[in-house]
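Spelled out from the first residue to the last, the chains are:
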Amino acid sequence: MRLFKVRTLGLICAALTAGSAMAQQVTLRLHHFLPPQANVPRLAIEPWAKKVEAESGGRIKVQLFPAMQMGGSPAQLFDQARDGVADITWTVLGYTPNRFIKTEVFEIPFIAPSGARAGEITSKAAWEFVDKFAADEFKDVKLLAIHTHGPGLFHTKKPVNGLEDLRGMKIRGGTRIVNNMLVKLGATPVGMPVPAVTEALSKGVLDGTTIPWEVGPAVKVTEMVKNHTTFAGDKGLYNMAFAFSMNKATYDKLPADLKKVIDNNSGLETAAAFGRAMDEGDKLGRAAAEKAKNNIVALDAAETQRWLRTASAVESDWVKDMKAKNIDGAKLAAEARALIAKNSK
């Protein structure tokens with residue numbers, strides 16, 4: 001009888017232990033660089049967090065830390081995910097130059113589309129590109145999504161009606177590729193993360209900035225400058241790539257069913273969702289500029305072609321950089337264009 005009781009007690013303890021494991025709860029700290037009212041936090045990151053929490057039955061809690069509340073700089077966010085300072089981070093890859101060199105292909109001027117679905121199309125292409133050609137650049141994290149914004153454009157204190165108007169202007173660029181483009185176009189590039197743009201414009205450090213429409217209202221660019229220059233045709237001036245990354249050890253410690261929740265919210269469709277958030281943000285950002293009665297310059301096809309020809313040297317420079325690293329940059333650019341074309345259908 002006593003042996004029976006001992007065995008029964010052991011079975012009960014085992015069941016309780018198993019039940020405890022099944023009910024394991026996890027809090028994931030998600031760190032990024034924009035204020036919570038910005039479009040990507042509001043339209044992509046917060047919905048992602050709520051979806052993960054719901055699909056886990058409340059066993060995963062996502063704690064959001066916007067606007068660098070956990071410390072550090074935007075350039076350190078990828079390493080914060082790698083090192084476990086945060087469990088998940090979202091950041092611009094180009095904030096750490098010469099590191100994600102193959103993925104930089106999506107920053108080449110006029111490689112990506114313009115239009116209502118530009119962010120979604122290029123984001124899906126970027127995810128597929130990384131999966132096929134640049135997975136090694138993200139081996140130190142559990143990559144949840146790679147995505148891009150929609151077409152970038154110029155937002156300036158004085159109007160830019162043609163290439164000559166840009167010459168000598170101090171313009172913010174977010175990455176080394178964008179800064180090289182600014183040099184080729186005749187501007188003076190000033191590199192900085194987007195949260196620094198507001199103060200730099202107010203203090204006269206900048207005459208303007210390159211950003212997509214979507215982030216303009218969040219950093220008050222729509223209020224601080226009154227001129228916006230757009231381009232003709234089906235190609236956008238430039239793009240930047242973003243990484244949504246998770247600490248590997250954090251992921252590995254999850255029980256199998258919670259890993260599946262994360263897996264179900266990673267990959268191509270998550271990249272597309274972030275891209276769609278960018279597209280929606282572009283609509284809202286342009287609408288804010290129109291409501292403010294700002295001057296929106298639409299360059300015609302001939303003038304746009306002048307910019308395209310001038311900026312084409314950026315791709316040549318990038319291909320040369322890749323060759324010095326024994327990487328076929330021309331092939332990668334062709335592959336990126338093919339993936340963009342495929343996802344445009």
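That block above? That's the structure.
Residues numbered from 1 in each chain as written. Predicted model: local features only at pLDDT ≥ 70, side-chain atom pairs only at ≥ 80, totals over all residues. Heavy atoms only, no water.

1. Looking at the packing of aromatic side chains
Link 1 in the chain: Under the definition given, this model contains 13 aromatic pairs.
Link 2 in the chain: With centroids separated by 6.1 Å and ring planes inclined at 70°, the aromatic side chains of phenylalanine 78 and phenylalanine 138 adopt a geometry described as edge-to-face. Of this pair, phenylalanine 78 sits in helix 3 (residues 77-83) while phenylalanine 138 sits in the loop between helix 4 (118-134) and strand 4 (142-148), and the two are 60 residues apart along the sequence. Each member of the pair phenylalanine 78 and phenylalanine 138 is classed as buried.
Link 3 in the chain: With a centroid separation of 5.4 Å and 85° between ring planes, the pair formed by phenylalanine 106 and phenylalanine 129 is classed as edge-to-face. Of this pair, phenylalanine 106 sits in the loop between strand 3 (88-92) and helix 4 while phenylalanine 129 sits in helix 4, and the two are 23 residues apart along the sequence. For the pair formed by phenylalanine 106 and phenylalanine 129, the shared burial category is buried. (Phe/Tyr/Trp six-rings, centres within 6.5 Å; stacked < 30°, edge-to-face > 60°. Helix = DSSP H or I, 4+ residues; strand = E, 2+ residues; numbered from the N terminus. Buried < 20%, exposed > 50% of the residue type's maximum accessible area, 1.4 Å probe, protein only.)

2. Focus: helix 13 (residues 329-344)
Link 1 in the chain: Under the 1.5 Å per step criterion, the end-to-end length of helix 13 is 22 Å for 16 residues, consistent within 8% with the ideal 22 Å.
Link 2 in the chain: For helix 13, the complete set of buried residues consists of Gly329, Leu332, Ala333, Ala336, Leu339, Ile340 and Asn343. Taken around the axis of helix 13, the buried residues stretch over an arc of 125°, which confines them to a single face.
Link 3 in the chain: Of the surrounding elements, those touching the buried residues of helix 13 are helix 4 and helix 12 (301-324).
Link 4 in the chain: Measuring from the side-chain oxygen of the N-cap residue of helix 13 to the backbone nitrogen of alanine 330 gives 3.4 Å; that N-cap residue is aspartate 328. (Expected span 1.5 Å × (residues − 1). Arc of directions from axis to C-beta. Contact = heavy atoms within 4.5 Å. Polar contact = N/O pair within 3.5 Å; in protein donor to acceptor, adjacent residues only side chain to side chain.)

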